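Observations on the three-dimensional arrangement
What follows is each chain in one-letter form.
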Amino acid sequence: AQSVSQHNHHVILSEAASLELGCNYSYGGTVNLFWYVQYPGQHLQLLLKYFSGDPLVKGIKGFEAEFIKSKFSFNLRKPSVQWSDTAEYFCAVNAYNTDKLIFGTGTRLQVFP
Amino acid sequence: ETGVTQTPRHLVMGMTNKKSLKCEQHLGHNAMYWYKQSAKKPLELMFVYNFKEQTENNSVPSRFSPECPNSSHLFLHLHTLQPEDSALYLCASSQQGDTGELFFGEGSRLTVL
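Attention in this report is confined to the structure presented alongside it. What you are looking at is a predicted structure, and each value in this text was computed from that prediction instead of being measured. Along each chain, the written sequence defines residue order, and numbers are assigned to residues from 1. For naming, the first written chain is A and the first written ligand is 1, with later ones following in the order written. Reporting in this predicted model follows two pLDDT cut-offs: at least 70 for local features of residues, and 80 or more for side-chain atom pairs to be given and counted; totals over whole chains, interfaces and linings ignore these cut-offs and use all residues. The basis for every side-chain value is the complete set of non-hydrogen atoms in the structure, without hydrogens or water.

Some details on the overall build of chain A
Applicable threshold: Strands are runs of DSSP state E lasting at least 2 residues, helices are runs of H or I lasting at least 4, and numbering of each runs from the N terminus. What the globule rule says is 2.2 Å times the number of residues to the power 0.38, and the radius of gyration is computed from C-alpha atoms. It only takes one pair of heavy atoms within 4.5 Å for two residues to be counted as in contact. For accessible areas, the Shrake-Rupley method is used with a probe of radius 1.4 Å. Any residue's cover is judged against the shown protein chains and nothing else. Counted as positive: Lys and Arg. Counted as negative: Asp and Glu, with His and the chain ends omitted from the count. Lysine's charge is taken at NZ, arginine's at CZ, aspartate's at CG and glutamate's at CD.
Looking only at helices and strands, chain A features zero helices and twelve strands. The C-alpha radius of gyration of chain A comes to 13 Å, within 12% of the 13 Å expected for a compact globule of 113 residues. The principal-axis extent of the C-alpha atoms belonging to chain A is close to 40 × 25 × 20 Å. Considering only residue pairs separated by 6 or more positions, chain A has 54% of its internal contacts joining residues 24 or more positions apart. If you sum the accessible surface of chain A, you get close to 5400 Å²; carbon and sulfur atoms cover 52% of it. Within chain A, the 8 negative side-chain charges are centred at a point lying 3 Å from the centre of the 9 positive side-chain charges.

Structural data, given as structure tokens:
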């Protein structure tokens with residue numbers, strides 16, 4: 001069965017620090033990969049996604065993620081975080097051509113001014 | 001406004017009550033989902049409907065009963081729940097055959113006393 005692991009449960013940073021959140025998945029076939037973000041009191045929304053092509057994908061608000069197939073990883077990065085990035089971040093994967101999106105446990109990011 | 005509307009936003013019920021959660025999507029999608037979000041656990045996929053037909057029941061107890069009368073509406077009927085069922089219930093929609101991106105509602109916070 002597919003699963004998604006997010007090893008960082010809670011990350012605390014100061015503004016302007018760099019961010020990297022880990023995501024690993026278990027599935028041997030072709031996958032689509034996603035990062036979703038949930039700001040306090042708001043709905044889950046898509047941050048970025050990878051389907052094929054360039055393994056380095058760029059999303060909204062300066063976020064990017066790199067798909068490393070050999071490591072089954074899709075880590076999220078941002079060079080300089082802002083206070084407004086405080087949120088919970090979820091990595092998700094679905095096997096190609098299926099309608100089951102499997103999520104990780106989420107990483108809570110707190111950014112202090 | 002997310003395009004996916006859930007009501008009620010908050011619900012408190014006793015273990016013997018019967019209640020329903022409602023979801024409506026205004027995006028013209030043909031697939032709808034129920035997820036359960038509990039603290040420190042991955043989002044759990046509960047049900048998937050494609051073109052009003054249930055295509056996934058992820059071993060959900062029968063005290064949760066979904067209903068999808070058309071592609072725009074999804075219900076979750078609740079009966080004889082347990083306190084451990086207290087969680088945030090998220091509805092999502094997508095365009096089947098598309099890339100797997102889900103659009104979420106803001107959720108219904110359920111507390112079972």
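With respect to the interface of chain A and chain B
Put simply, the test is: Buried surface area refers to the total accessible area, computed with a probe of radius 1.4 Å, that the two partners give up upon joining, counted for both partners together. Take a side-chain nitrogen of Lys or Arg and a carboxyl oxygen of Asp or Glu: if they are within 4 Å of each other, that pair is a salt bridge. Polar contact is defined as a pair of N or O atoms within 3.5 Å, subject to the rule that within protein one atom must be able to donate a hydrogen and the other to accept it, and that residues adjacent in sequence are counted only when both atoms are side-chain atoms. Amino acids are sorted into nonpolar (Ala, Val, Leu, Ile, Met, Phe, Trp, Tyr, Cys and Pro), charged (Asp, Glu, Lys and Arg) and polar (every other residue, Gly among them).
In this assembly, 17 residues from chain A lie in contact with 23 residues from chain B. For the pair chain A and chain B, the summed buried area comes to about 1600 Å², and 56% of that belongs to carbon and sulfur atoms. Contact with chain B buries surface across chain A, with His43, Asp99 and Phe103 of chain A losing the most and accounting together for 33% of the total. Where chain A packs against chain B, one counts one salt bridge. Joining chain A to chain B, the criterion identifies four residue pairs in polar contact (both at pLDDT 80 or more). For the side of chain A that touches chain B, the secondary-structure elements that each account for two or more residues are strand S5 (31-38), strand S6 (45-50) and strand S10 (87-95) of chain A. Looking at which element gives the most residues to the side of chain A that touches chain B, the answer is S5 of chain A, with four residues. Looking at the side of chain A that touches chain B, its residues break down into eight nonpolar, six polar and three charged.

Concerning the sheet that holds strand S3 (residues 18-25) of chain B
Residue and element names in this part refer to chain B. The criterion, for reference: By this definition, two strands are paired if DSSP reports at least two bridges between them. The angle between two axes is taken between their N-to-C directions and runs from 0 to 180 degrees, where each axis is a line fitted to C-alpha atoms and a helix contributes only its stretch in contact.
Read across the sheet, four strands follow the order S1-S3-S8-S7 without closing on themselves; strand pairing throughout is antiparallel. Edge positions in the sheet fall to strand S1 (4-7) and strand S7 (64-70), since each of these pairs with one other strand and no more. This sheet shows a mean twist of 15° between the axes of neighbouring strands, independent of strand direction. Pairing analysis gives seven bridges linking S3 to strand S8 (residues 73-79), with the strands arranged antiparallel. Looking at S8, one finds that Lys22 is bridged to Phe75.

Looking at the packing of aromatic side chains
Cut-off, in case you're wondering: Pairs were defined over the aromatic rings of Phe, Tyr and Trp, the Trp ring being its six-membered one, requiring ring centres within 6.5 Å. Orientation was assigned from the angle between planes: stacked under 30 degrees, edge-to-face over 60, tilted for the rest. Relative accessible area decides the class of each residue, using a 1.4 Å probe on protein chains only: under 20% of the type maximum gives buried, over 50% gives exposed, and in between gives partly exposed.
Counting across every chain of the model gives 14 aromatic pairs over all chains. Residues Tyr25 of chain A and Phe72 of chain A carry aromatic rings whose centres are separated by 5.6 Å and whose planes lie at 70° to one another, so their mutual orientation is edge-to-face. On the criterion of sequence distance, the pair formed by Tyr25 of chain A in strand S4 (residues 24-26) and Phe72 of chain A in the loop between strand S8 (64-68) and strand S9 (73-78) is long-range, its members being 47 residues apart. The buried category is assigned to Tyr25 of chain A, whose relative accessible area is 6%. By the ring-pair criterion, three or more aromatic residues cluster together here, those being Phe34, Tyr36, Phe51, Phe90 and Phe103 of chain A together with Tyr33, Tyr35 and Phe104 of chain B.

Considerations on the pairing of strand S5 (residues 44-50) of chain B
Moving residue by residue along a regular strand, the side chains alternate between the two faces of the sheet. Residues and elements named next belong to chain B. Buried residues dominate S5, accounting for six of its seven residues. Of the strand pairs in this sheet, strand S4 (residues 31-37) and S5 are connected by six bridges, and their pairing is antiparallel. Considered in S5, the bridge of Tyr35 is made with Leu45. Hairpin connection of S4 to S5: six residues between the antiparallel strands, including Lys40 at a positive phi of 60°. Pairing between S5 and strand S6 (residues 53-57): four bridges, direction antiparallel. Bridging from a neighbouring strand, Tyr49 pairs with Gln54 of S6. Between the end of S5 and the start of S6, which pair antiparallel, lie two residues, with Phe51 showing a positive phi angle near 50°.

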